[in-house]
Amino acid sequence: MDHTELNSLVSNARACIVDSKRAGVMRFSDGTEKGRFVLFHAAMSFCSQKVRATLVQRGVSYESNEMLILASRDREGNLVAAENYGAEYVRLRRSGQLSCWGMADSYSGISSVSLCGLDACAVPTLIDLKTGEVIVDSLRICVHIDAAIGGSELLIPTADQDRQRVFRQLEAVDATPHPGILYGFHPHGDRRPQALRDAMRTVYDEKLETLAMLSARHSADPAVVEAYRAKISKETAGRAVQHDAVFQEAIRKATRERLVQLNFDLQQSTTDWLCSNSLSLADIFWAVSLVRLRYLGLMVLWEDMPLVEAYYRLVTSLQSVREEVIGATIASMPSSMYLSSETAASSF
Ligand SMILES: N[C@@H](CCC(=O)N[C@@H](CS)C(=O)NCC(=O)O)C(=O)O
């Protein structure tokens, strides 16, 4: 994209961030590629954690634009919209939409862009000012960063077989219903922190109220209206299954099946790492997944799999994961008895 157009899209999107202290902040200024990458993200966002851990792991400097992705109410009870729903941010994100993707307008509990389409109101979004690209979808963003930095510390190996193994794991994490598990009320195994459960009781109503208000305000912009319409349809469908026991059981079971497959793949691996002789992007993605599941009290899903637990300890010993996944979760989400900086890598 033309640089003037790109810079204008980015600076308009920055304006969606209410507190300017969270916008345009340089992270790791002594890292590589200074001035090249701009990231819109959220501390608590699972998909943003993958991207930030990748940036840290690769030693990349970037401009951070941290968004608040949950709506709230002020003292008078007025709705304070989540920043990622702002029309200017939606425009930026849509400029990175691939023609093969539709808009995500239904709900499966999964947020994979390749399986569900684009959610134009979500984070993360990466801008590569060197190539003029807007990249949406955490999987594609991480692959882009790794290839852009190159060198000998690649997180995606070049050998065909290893590379395929890594992509199979990235897709497995992408297709795990993390959002469904975060938002949903499981009928008899809900171990989420109480404050999180309380927030989740009203989260869909707040999302939908925000979207209705913004759709009316931007009714003259067809691309933005189309994005809001799809999002309203997706979130309405999400609300419908939030307390649906059959749906909640099914996504829990699907998550367990992913972990059973991970356990099997770890058994096949000849090294401590999952896919090759050294750390790969698959290990970073699984670290984010396992930390999120643990935060939600779902390490019970792998309590009969000591290999997965040993792997959890290995991947959570990485500095990038400790800072951008564990640290960010603790700093931005209600506290969980299952995850603290001290206990993160210790036993159940
Ligand atoms: N698969 C997409 C998913 C993006 C996504 O669903 N992001 C979530 C946070 S992990 C989000 O922004 N949620 C806020 C909302 O939908 O209101 C990606 O990896 O980028």
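Residues numbered from 1 in each chain as written. Predicted model: local features only at pLDDT ≥ 70, side-chain atom pairs only at ≥ 80, totals over all residues. Heavy atoms only, no water.

**Observations concerning the overall build of the protein chain**
Heads up, the rule is: Strands here mean DSSP runs of E at least two residues long; helices mean DSSP runs of H or I at least four residues long; both are numbered from the N terminus. C-alpha atoms define the radius of gyration in this analysis, and the globule rule sets the expected value at 2.2 Å times the number of residues to the power 0.38. Each residue gets one of three labels from its accessible area relative to the maximum for its type: buried under 20%, exposed over 50%, partly exposed in between, using a 1.4 Å probe on protein chains only. The contact criterion used throughout is that any non-hydrogen atoms of two residues lie within 4.5 Å. The sign given to each residue is positive for Lys and Arg and negative for Asp and Glu; His and the chain ends receive no count. Where a charge lies is defined by one atom per residue type: Lys uses NZ, Arg uses CZ, Asp uses CG and Glu uses CD.
Looking only at helices and strands, one finds 13 helices and 7 strands in the protein chain. For 348 residues, the compact-globule formula gives about 20 Å, and the C-alpha radius of gyration of the protein chain, at 19 Å, lands near that figure. For the protein chain, the spread of C-alpha atoms along the principal axes amounts to about 55 × 50 × 35 Å. Here the protein chain, with 348 residues, has 55% of them falling under the buried criterion. Look at the contacts in the protein chain between residues 6 or more apart in sequence, and 75% of them connect residues 24 or more apart. Averaging the positions of the 37 positive and the 42 negative side-chain charges in the protein chain gives two centres separated by 2 Å.

**Description of the pairing of strand β7 (residues 133–136)**
The criterion, for reference: By the convention used here, strands pair only if DSSP detects at least 2 bridges between them.
In this structure, strand β6 (residues 125–128) lies alongside β7, joined through 4 bridges in antiparallel fashion. Counterpart to Leu126 in the pairing with β7 is Ile135.

**With respect to the site of the ligand**
Selection rule: Proximity is defined per residue: if any heavy atom of the residue lies within 4 Å of a molecule or strand, that residue is considered near it. Within 3.5 Å is the distance limit for a polar contact, defined as a pair of N or O atoms, with the added protein rule that one can donate a hydrogen and the other accept it, and that residues adjacent in sequence qualify only through two side-chain atoms. Residue-level accessible areas treat just the shown protein chains as cover; the underlying method is Shrake-Rupley with a 1.4 Å probe. A pocket, in this scheme, is an open set of points on a 1 Å grid over the protein atoms alone with protein on both sides within 12 Å along at least 5 of 7 lines, while a cavity is a set where a 1.4 Å probe fits but cannot get out; residues line either one if an atom lies within 4 Å of a point. Assignment of a molecule to a cavity or pocket requires that more than half of its atoms lie within 2 Å of the corresponding grid points. Three classes are used: nonpolar for Ala, Val, Leu, Ile, Met, Phe, Trp, Tyr, Cys and Pro, charged for Asp, Glu, Lys and Arg, and polar for all others, with Gly counted as polar.
Lining the immediate surroundings of the ligand are 17 residues, of which Tyr85, Ser111, Val123, Ser138 and Lys231 lie closest. Between the ligand and Tyr85, the relevant distance is 2.7 Å, taken from an oxygen atom to a side-chain nitrogen or oxygen of the residue. Note that a nitrogen atom of the ligand is positioned 2.8 Å from one of the backbone N or O atoms of Val123. Within the complex, the protein chains bury 92% of what would otherwise be the 510 Å² of accessible surface of the ligand. Its atoms largely coinciding with the cavity grid, the ligand occupies the largest cavity. At the level of elements, α2 (46–57) and α9 (222–241) are the ones that each hand at least two residues to the shell around the ligand. Each residue belonging to the shell around the ligand can be placed in one class, and the counts come to 7 nonpolar, 5 polar and 5 charged.

**What to know about unusual backbone geometry**
Geometrically, the link from Val123 to Pro124 is a cis peptide bond, its omega value of 5 degrees lying close to zero. When you line up the elements, Pro124 lands in the loop between α4 (113–116) and β6. The residue Glu33 is not glycine, and still its phi comes out positive at about 60 degrees. The residue Glu33 is located in the loop between β1 (25–27) and β2 (37–41) in this model.

**Some remarks on the nonpolar core**
One recurring pattern in soluble globular proteins is that nonpolar side chains are buried together. Formally: To qualify as a nonpolar core, a set must consist of buried Ala, Val, Leu, Ile, Met, Phe, Trp, Tyr and Cys residues joined through side-chain atoms within 4.5 Å.
Counting residues in hydrophobic clusters, the biggest one holds 70 residues, and the most contacted among them are Leu259, Leu262, Leu281, Trp286, Leu290 and Trp302. Per-element accounting of this core gives the leading share, 11 residues, to helix α11 (residues 281–295). Of all hydrophobic cores here, the second largest spans 17 residues; its members include Leu118, Cys121, Val136 and Tyr228.

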